[in-house]
Amino acid sequence: MAYAVRHVTSYRYEPAIRESVMEVRMQPRSDARQRCLTFSLEVAPQTNVMIYRDFLGNTVHHFDIPGRHARIELKAEALVDVAPPPPDAQAGAGDWRELDAQVAAGDFWEMLLPSPFIVYTEELEKLAKEIGSERRGRPMECLIELNEAVYHAFEYVTNSTQVDSPIDDALRTRRGVCQDFAHIMIALVRRLEIPCRYVSGYLFHPQSSE
């Protein structure tokens, strides 16, 4: 299925600023089942946009806007093709021994350590015990079980947390938004020594047929 994505970001400054230096990670990746067919980025005020690829394989657009300006507008447009998952995707996902061997042979340390938002707190340990977060079955089966457990353990409530809220806020109230659930899931997964990182994207809500 092909998806057309249009993302507009606007900044307004009062008073005007003297210079802007920005990096933008807006171009969808082409990997696994996803292919980015086309991508464009428009920046106003107009400037020279340069591109590089970071160590995780993301395409990064970066630019410098010199001189005084009171606004910046970024318009990113992409056409992305996403293929359906193969029916036997879980069956071929490998076992824990295979996963551990890949981790030992690769460079995944940043995807295994705690971070400012991925913290192993007492509240997280309570949740892990409550939902039985431990290695069992196959890694993919375990991940799916954890995902379902987090989904059922929390209520989605807009404005219940802030962009910089620690995971304990959502863990105590069992309320949060997407980023809270992502941080909690990453913490649970890394706790099982499975490399995991935060990925931003879009969720497509098909219109009702009624």
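Predicted model, so just to flag it, every value in this text is computed and none were measured.

1. Focus on the packing of aromatic side chains
Here is step 1: Scanning the model with the defined rule gives three aromatic pairs in all.
Here is step 2: Judged by centre distance (6.3 Å) and plane angle (5°), the ring pair of Y11 and Y13 falls under stacked.
Here is step 3: Exposure remark for Y11: the relative accessible area of 31% places this residue in the partly exposed category.
Here is step 4: Looking at Y13, the relative accessible area reads 22%, which means it is partly exposed.
Here is step 5: Note on F154 and F181: the rings are 5.7 Å apart at their centroids and 45° apart in plane angle, and the pair reads as tilted. Of this pair, F154 sits in the loop between α3 (139-153) and β5 (155-156) while F181 sits in helix α5 (residues 178-191); the two residues are 27 residues apart in sequence, bridging distant segments of the chain. An identical accessibility class is assigned to F154 and F181; each is buried.

2. Examining α3
Here is step 1: Helix length check: α3 (15 residues) gives 21 Å between terminal C-alpha atoms against 21 Å at 1.5 Å per residue, within 8%.
Here is step 2: Next to the buried residues of α3 lie α1 (96-105), α2 (122-131) and α5.

3. Remarks on the pattern of salt bridges
Here is step 1: In this structure the tally under the stated criterion is 15 salt bridges.
Here is step 2: Put simply, R6 and E77 hold a salt bridge, and the shortest N to O gap is 3.5 Å. Taken as a pair, R6 in strand β1 (residues 2-24) and E77 in strand β4 (residues 59-82) lie far apart in primary sequence, 71 residues in all.
Here is step 3: R6 gets classed as exposed once you look at its relative accessible area, which sits at 55%.
Here is step 4: Of the residues examined, E77 reaches a relative accessible area of 32% and is grouped as partly exposed.
Here is step 5: Of the charged contacts, one joins D100 and R135 as a salt bridge, the two residues approaching to 2.9 Å between their closest N and O atoms. With D100 in helix α1 and R135 in the loop between α2 and α3, this pair connects stretches of sequence that are 35 residues apart.
Here is step 6: Salt bridges sharing common partners tie together E23, R25 and D54.

What counts as what
- Residue numbers here run from 1 along each chain, matching the order of that chain's written sequence.
- Only residues with pLDDT of at least 70 are given local features in this predicted model, and only at 80 or more are side-chain atom pairs given and counted; all residues enter the totals for whole chains, interfaces and linings.
- Excluded from the side-chain calculation are hydrogens and water; included are all heavy atoms of the structure.
- Pairing of aromatic rings covers Phe, Tyr and Trp, the last counted by its six-membered ring, and requires centre-to-centre distances within 6.5 Å; plane angles under 30 degrees mean stacked, over 60 mean edge-to-face, and any other angle means tilted.
- Buried, partly exposed and exposed residues are distinguished by accessible area as a fraction of the type maximum, computed with a 1.4 Å probe on protein chains only: under 20%, between the cut-offs, and over 50%, respectively.
- Runs of H or I in DSSP of at least four residues are treated as helices and runs of E of at least two as strands, each being numbered from the N terminus.
- Helix span is expected to be 1.5 Å times the residue number reduced by one.
- Whether two residues touch is decided by their heavy atoms; if any such pair falls within 4.5 Å, the residues are in contact.
- Think of a salt bridge as a Lys or Arg side-chain nitrogen and an Asp or Glu carboxyl oxygen that are within 4 Å of each other.

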